[in-house]
Amino acid sequence: MAASRGGRQPQNDGYRTLSLSGHVGFGSLPDQLVKKSIKQGFYFNILCIGETGSGKSTLINSLFNTSFDDPVSTHFLPNVRLRAQTYELQENNVLLKLTIVNTVGFGDQINKEDSYQPIVDYIDAQFEAYLQEELKIKRSLFSYHDTRIHVCLYFISPTGHSLKTLDLLTMKSLDSKVNIIPIIGKADSISKTELQKFKNKIMSELVSNGVHIYQFPTDDETVSKINTIMNGHLPFAVVGSTEEVKIGNKMVRARQYPWGIVQVENENHCDFVKLREMLISTNMEDLREQTHARHYELYRRCRLEEMGFRDIGPENKPVRLPCSKSYADRETICHSSASVESLQEAYEAKRHEFYLELQRKEEEMRQQFVQRVKEKEAILKEAEQQVQTKFEHRMLMHREVKLKLEKQKKVLEDEIAMFIEKKANAELLQSQASVSTSVVSLKRDKDRKNSSFT
């Protein structure tokens, strides 16, 4: 085979571009990849953010032309909850595992200060779950159910004025974690003139507040033209409906009002078709790639840096894995010099640092515990001393009262003895007086009888 200099220029001077003299077979790699992907299926996860009643469930049903049976939400929840439901859809032998995450109760609270925090925590939790699966020794990423959010459909209420503070805060906190596509829900409630002004106002506020929304890619020549045009239509003004209305001889999905009919798939009435084409038909794979290559990589880098891993060692040399042995011939293969810090060394250093910090905190907690015990002992001793003082005072008072009562008892006993003696004397005198009286009366009776005989 002769070397060829024509065609694409190599990016590395060490590579050479060669021509083939016959069929080899690796040209079927794209077909192999397609077959493998079809067999495995695809994951796509949508996060719907918007106030209760903004048309989230209806739009999702309209986008995928089915009914997901999402339960009706109430306006009286104390905080925001996220409800995730996974479905399997199939179209032309292509399997799609679709997860729809709905924000229940978003914007319904009086205090909306932390309404977006549960959403941020949920997105981070999905990134963390994927990172933990990556860091396992025995990984199963091929069959792993990827729950990372690929796109956030942010529903904006059709007020016709401006974005709410909650909308700006939420999108600002999410733009580095997820691909945001702003949507004006129930867009048939305002006129076309007001709608266009509202769109311009929204984009102006997003730019002025530094909110980065998802831009459809323009680097692919096959879709750059249509994506460039669609980027100018953001935010999409949509109308959703699962009801069919007969127009002429055709049944179409529409919303019927006394003043007329709004057709969901009529581009003159709303941007539903534009959203469906951009979200599903044209840019679904780019949304998946952006989630992995941009948002997840940012989260992964920050988490690994928190764990102490670095790409550059202390001598500004790249960090590599430590030396290992080949399974084939057991020859030692050194990936880095002895002066370059390995990942294992970084892990051990971080572990040692964490251990020292743990010991420091343990010693600090022990000292605090000892100090609190001493303070408690001092308080208890003081309380015990107070109780002892009160007890001794009460005992002294008890002895004084006892002596006083004993004196009173002795006086009372003396009075009782004197009373008994006086009573005995009185009874004796009374008995003597009664005897003398009876003797005198008998003598008188005797004298009376003698006188009567004479």
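Residues numbered from 1 in each chain as written. Predicted model: local features only at pLDDT ≥ 70, side-chain atom pairs only at ≥ 80, totals over all residues. Heavy atoms only, no water.

Draft legend 1. Representation of the overall build of the chain. A count of helices and strands for the chain gives nine helices and 11 strands. By the burial criterion, 30% of the 454 residues in the chain qualify as buried. Taking contacts inside the chain between residues at least 6 apart in sequence as the whole, the part at least 24 apart equals 62%. Here the chain has roughly 31,500 Å² of accessible surface; of this, 54% comes from carbon and sulfur atoms. (Helix = DSSP H or I, 4+ residues; strand = E, 2+ residues; numbered from the N terminus. Buried < 20%, exposed > 50% of the residue type's maximum accessible area, 1.4 Å probe, protein only. Contact = heavy atoms within 4.5 Å. Areas by Shrake-Rupley, 256 points an atom, 1.4 Å probe, with all protein chains shown as cover.)

Draft legend 2. Local environment of unusual backbone geometry. A cis amide bond links leucine 234 with the next residue in sequence, proline 235, at an omega value of -5 degrees. Topologically, proline 235 is positioned in the loop between α6 (224-231) and β6 (236-237). Backbone geometry at lysine 186 places phi at a positive 50 degrees, although glycine is not the residue there. Judged by relative accessible area, which is 43%, lysine 186 ranks as partly exposed.

Draft legend 3. Seen up close, a nonpolar patch on the surface. A contiguous nonpolar patch, built from Leu20, Val24, Phe26 and Leu29 and spanning about 420 Å² of accessible area, is present on the exposed surface. Among the structural elements, valine 24 can be located in the segment before α1 (29-40). (Patch = residues over 30% accessible without salt bridge, like charges linked within 9 Å, V, L, I, M, F, W, Y side chains within 5 Å. Salt bridge = Lys/Arg side-chain N within 4 Å of Asp/Glu carboxyl O.)

Draft legend 4. Spatial organisation of the sheet that holds strand β2 (residues 81-91). Strand order in the open sheet made by the six strands is β2-β3-β1-β4-β5-β6, with mixed pairing throughout. Single-partner strands in this sheet number two, and they are β2 and β6. The sheet contact formed by β2 and strand β3 (residues 94-104) spans 11 bridges and is antiparallel. In the sheet register, leucine 82 faces β3, and the bridge partner there is threonine 103. Packing against the sheet, helix α8 (residues 284-306) makes contact with β1 (42-49), β3 and β4 (151-156), and its axis sits at approximately 85 degrees to β1. (Pairing = 2+ DSSP bridges. Axes fitted to C-alpha atoms, helices over the stretch in contact; angles between N-to-C directions.)

Draft legend 5. The packing of aromatic side chains, seen in detail. Per the stated rule, a full pass over the model turns up 10 aromatic pairs. Geometrically, the ring pair formed by phenylalanine 127 and tyrosine 296 is tilted, given 5.9 Å between the ring centres and 55 degrees between the ring planes. Taken together, the residues phenylalanine 127 in helix α3 (residues 117-135) and tyrosine 296 in helix α8 connect sequence positions 169 residues apart. On the basis of relative accessibility, which here comes to 2%, the residue phenylalanine 127 falls in the buried class. (Phe/Tyr/Trp six-rings, centres within 6.5 Å; stacked < 30°, edge-to-face > 60°.)

Draft legend 6. Looking closely at the sheet that holds strand β7 (residues 244-247). The strand order across the open sheet built from three strands is β7-β8-β9, with neighbouring strands paired in antiparallel fashion. The open sheet has two edge strands, β7 and β9 (260-263), and neither has a second partner. Strand after strand, the sheet turns through a mean of 65 degrees between neighbouring axes, direction not considered. For β7 and strand β8 (residues 250-257), the ladder comprises four bridges, and the chain directions are antiparallel. What sits directly across from isoleucine 247, in β8, is lysine 250.

Draft legend 7. Local environment of the packing of α6 against helix α7 (residues 272-282). Where α6 contacts α7, the axes come no closer than 11 Å and their chain directions differ by 135 degrees. Between α6 and α7, the interaxial angle falls into the category oblique. Judged by the sense of rotation from one axis to the other, the crossing of α6 with α7 is left-handed. The residues of α7 that touch α6, namely those facing Ile226, Asn227 and Met230, are Lys274, Met278 and Thr282. Classifying every residue of the contact of α6 with α7 gives three nonpolar, two polar and one charged. (Parallel < 35°, antiparallel > 145°, perpendicular 65-115°, else oblique. Left-handed = near helix turned anticlockwise from the far one by under 90°. Nonpolar A, V, L, I, M, F, W, Y, C, P; charged D, E, K, R; others polar.)

Draft legend 8. Structural view of the nonpolar core. Ranked by size, the top nonpolar core spans 71 residues in total, and within it Leu153 and Ile181 carry the most contacts. The element contributing the most residues to this core is α3, with seven residues. Setting aside chain neighbours within four positions, we find leucine 153 in contact with Ile46, Leu47, Cys48, Ile49, Ile60, Leu63, Ile181, Ile183 and Leu279. (Core = buried A, V, L, I, M, F, W, Y, C linked by side-chain atoms within 4.5 Å.)

Draft legend 9. View of the pattern of salt bridges. Scanning all chains against the criterion turns up 19 salt bridges. Of the charged contacts in the structure, one is a salt bridge between arginine 300 and glutamate 134, with a shortest N-O distance of 3.5 Å. In this pair, arginine 300 sits in helix α8 while glutamate 134 sits in helix α3, placing the two residues 166 residues apart along the sequence. Assessed through its relative accessible area of 17%, glutamate 134 is described here as buried.

Draft legend 10. A look at the side chain of asparagine 179. Within the element layout of this structure, asparagine 179 appears in the loop between α4 (165-174) and β5 (180-184). Every residue in contact with asparagine 179, bar those within four places of it in the chain, is listed here: His150, Val151, Cys152, Tyr214, Leu287, Gln290, Thr291 and His295.

Draft legend 11. Looking closely at the confidence of the model for the chain. Averaged over every residue, the pLDDT of the chain is 84; the share at 70 or more is 88%. Of the regions scoring below 50 in pLDDT, residues 1-10 engages in 14 contacts with residues more than four places distant in sequence or in other chains. Low confidence marks residues 324-341, where pLDDT is under 50. Its contacts with residues over four positions away, or in another chain, come to 29 contacts. (pLDDT = per-residue confidence, 0-100.)

Draft legend 12. Local environment of helix α2 (residues 56-63). By the criterion of burial, α2 is predominantly enclosed, with six of the eight residues buried. Every buried residue of α2 is listed here: Lys56, Leu59, Ile60, Asn61, Ser62 and Leu63. Against the buried residues of α2 lie β1, β3, β4, β5, β8 and α7. Downstream of α2 by a residue or two, asparagine 65 has a phi angle that is positive, lying close to 55 degrees.

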